[in-house]
Amino acid sequence: QVQLVESGGGLVEPGGSLRLSCAASGSIFSINAMGWYRQGPGKQCELVAAIISDGSANYADSVKGRFTVSRDNAKNTLYLQMNSLKPEDTAVYLCHANVRVGSRSGPIWNYWGQGTQVTVSS
């Protein structure tokens, strides 16, 4: 079993910053990719930022230049540094990981965190 635990969400004024963390634990052999998704009021769930196995990062157009995703492989932890926050960034942010479980020949499964609320408002 693999668990993802997010932290760092909260209330911030427009133009402010937050740093989200997602720690993965459990029967992990390797993590192929980790990413952040979000779902705001009246919106579909969308990919915000992700790091895949080759180390490359992908960002939604709406956050490019403002958000930075990073990963500490030794700690199996994913981060999202969010700067210049806007009201439209308000959403529940969800951590996702694509994980090979148990051993080199183990299955590859997808896991999701519980979500953390980010609210950007004056």
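A brief structural summary. (Residues numbered from 1 in each chain as written. Predicted model: local features only at pLDDT ≥ 70, side-chain atom pairs only at ≥ 80, totals over all residues. Heavy atoms only, no water.)

A closer look at the state of the cysteines
Part 1: Under the criterion given, the structure shown has one disulfide.
Part 2: A sulfur-sulfur separation of 2.0 Å characterises the disulfide bridge that pairs C22 with C95. Every disulfide takes its handedness from the sign of the S-S torsion; for C22 and C95 that torsion is -85°, giving left-handed. Taken as a pair, C22 in strand β3 (residues 18-26) and C95 in strand β9 (residues 91-101) lie far apart in primary sequence, 73 residues in all.
Part 3: You can call C22 buried: its relative accessible area is 0%.
Part 4: Here C45 is not disulfide-linked; the sulfur of C95 is the nearest cysteine sulfur, at 12 Å. (Disulfide = S-S within 2.5 Å. Helix = DSSP H or I, 4+ residues; strand = E, 2+ residues; numbered from the N terminus. Buried < 20%, exposed > 50% of the residue type's maximum accessible area, 1.4 Å probe, protein only.)

Quick word on unusual backbone geometry
Part 1: The phi angle at N76 is positive, at roughly 50°, despite the residue not being glycine.
Part 2: Within the element layout of this structure, N76 appears in the loop between β7 (67-72) and β8 (77-82).
Part 3: Owing to a relative accessible area of 22%, N76 belongs among the partly exposed residues under this scheme.
Part 4: Despite not being glycine, S84 has its phi angle at roughly 50°, a positive value.
Part 5: Assignment of secondary structure puts S84 in the loop between β8 and β9.

Comments concerning the sheet that holds β3
Part 1: A sheet is described by the order of its strands in space; here four strands give the open sequence β1-β3-β8-β7, paired in antiparallel fashion. Each edge of the sheet is formed by a strand with only one pairing partner; in this case those strands are β1 (2-7) and β7. Direction aside, the axes of adjacent strands within the sheet are offset by 15° on average.
Part 2: Pairing of β7 with β8 involves six bridges; the strand directions are antiparallel. The residue of β8 that forms the bridge with V69 is L80. (Pairing = 2+ DSSP bridges. Axes fitted to C-alpha atoms, helices over the stretch in contact; angles between N-to-C directions.)

Geometry only, nothing functional implied.
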